[in-house]
Amino acid sequence: MFKVFIAIVLFLALSIVLFLRYIHEDKPKGFRPDQADLLAQKMLEALNHKSYDSIKVLQWEYVRGHAYVWNKSENIVEVKWDDVEVVLNTQDLSGKVIKNGEPLWDEEKEDYLKKAWKFFTNDSFWLVAPFKVNDPGTSRSIVEIEDSDKHGLMVTYSSGGVTPGDSYLWILDENYRPIAWKMWVDIIPVGGLKVEWTEWKSYKGALFATNHIGSFGIELPIRNLKVE
């Protein structure tokens with residue numbers, strides 16, 4: 001019986017490895033950075049980035065029960081999960097931590113500040129990534145989308161965030177609005193995973209995708225989005 005169990009485990013492990021190899025895509029080589037900069041600008045205009053720039057506060061909830069109130073005009077974000085509340089300065093990563101109604105100090109406080117920063121950096125990217133294509137440390141290039149008339153914009157982040165070096169291939173429709181991206185990121189061992197950006201809605205004139213659909217139909221929605 002034990003041998004049968006081991007055989008099943010090995011078979012499943014081998015199947016997973018083969019499946020990951022099957023869906024893996026090598027990162028395509030981009031070209032024409034000058035044209036890519038123009039394409040990025042068209043995407044920003046399609047999403048009304050000027051209206052986004054004028055927004056002072058964004059509030060939303062994301063997967064794993066993370067809730068945010070981000071005052072981007074003052075570089076302050078409130079992060080809540082479980083029994084933890086963090087007020088974090090996104091510039092110098094200082095702040096305060098409340099757990100179970102009691103303030104934390106010293107190393108325990110610093111650990112939660114770092115955790116809140118990681119949550120915020122990753123989760124906010126799924127909300128505002130299209131507006132970050134020209135951030136400091138980014139490079140852009142054109143990528144041809146095979147058998148498609150869609151536009152492909154590769155954006156690589158050489159600095160910033162939690163995992164510098166990540167690359168995202170934006171797939172844009174005829175109106176230059178993102179419909180999906182493919183990812184080559186450090187925390188995912190498979191390259192080229194595709195996630196659709198859907199359910200675009202206007203908030204004070206700026207467009208936000210309020211749902212993301214990944215492999216096997218897994219949805220990553222943005223809930224209770226509000227802006228000021």
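For every chain, the first residue of the written sequence is number 1, and numbering continues from 1 onward in sequence order. Predicted model: local features are reported for residues with pLDDT of at least 70 only, side-chain atom pairs are reported and counted for 80 or more only, and whole-chain, interface and lining totals are derived from all residues. Excluding hydrogens and water, the side-chain values take into account all heavy atoms of the structure.

**Some remarks on the environment of G165**
At step 1: The topology assignment puts G165 in the loop between β8 (151-157) and β9 (167-172).
At step 2: What makes G165 partly exposed here is its relative accessible area of 42%.
At step 3: Once the C-alpha coordinates of G165 and D186 are considered, the two residues, 21 residues apart in sequence, prove to be 7.7 Å apart.
At step 4: Here, two residues are considered to be in contact whenever any of their heavy atoms come within 4.5 Å of each other. Those residues in contact with G165, other than ones at most four positions away along the chain, are T156, Y157 and S158. Each helix is a run of H or I in the DSSP string that is no shorter than four residues. Each strand is a run of E no shorter than two, and both are numbered from the N terminus. Using a 1.4 Å probe on the protein chains alone, a residue whose accessible area is under 20% of its type maximum counts as buried, one over 50% counts as exposed, and one in between counts as partly exposed.

**Quick word on the nonpolar core**
At step 1: The definition of a nonpolar core used throughout is a set of buried Ala, Val, Leu, Ile, Met, Phe, Trp, Tyr and Cys residues joined through side-chain atoms within 4.5 Å. Counting residues in each nonpolar core, the largest one holds 54 residues, and the members touching the most others are L58, W60, V86, W170, W181 and F208.
At step 2: It is helix α4 (residues 106-128) that contributes the most residues to this core, nine residues altogether.
At step 3: Among all residues touching L58, those that are not within four sequence positions of it are Y68, V69, W70, K72, L127, V128, F208, K226 and V227.

**A few points about the sheet that holds strand β6 (residues 102-103)**
At step 1: If you trace the seven strands from one edge of the open sheet to the other, you get β6-β5-β4-β3-β2-β1-β13, paired in antiparallel fashion. Here the strands that pair on one side only, and so sit at the sheet edges, are β6 and β13 (223-227).
At step 2: The criterion for strand pairing is that DSSP finds at least two bridges linking the strands in question. Bridging between strand β4 (residues 84-89) and strand β5 (residues 95-99) involves five bridges; their strand directions are antiparallel. Note on β5: the bridge partner recorded for L88 is G95.

**Examining the environment of V155**
At step 1: Here V155 is to be found in strand β8.
At step 2: Judged by relative accessible area, V155 falls into the buried class, the value being 0%.
At step 3: C-alpha separation for the pair V155 and S139, spaced 16 residues apart in sequence, amounts to 5.8 Å.
At step 4: Those residues in contact with V155 that sit more than four places away from it in its chain are V133, T138, S139, R140, D166, S167, Y168 and W170.

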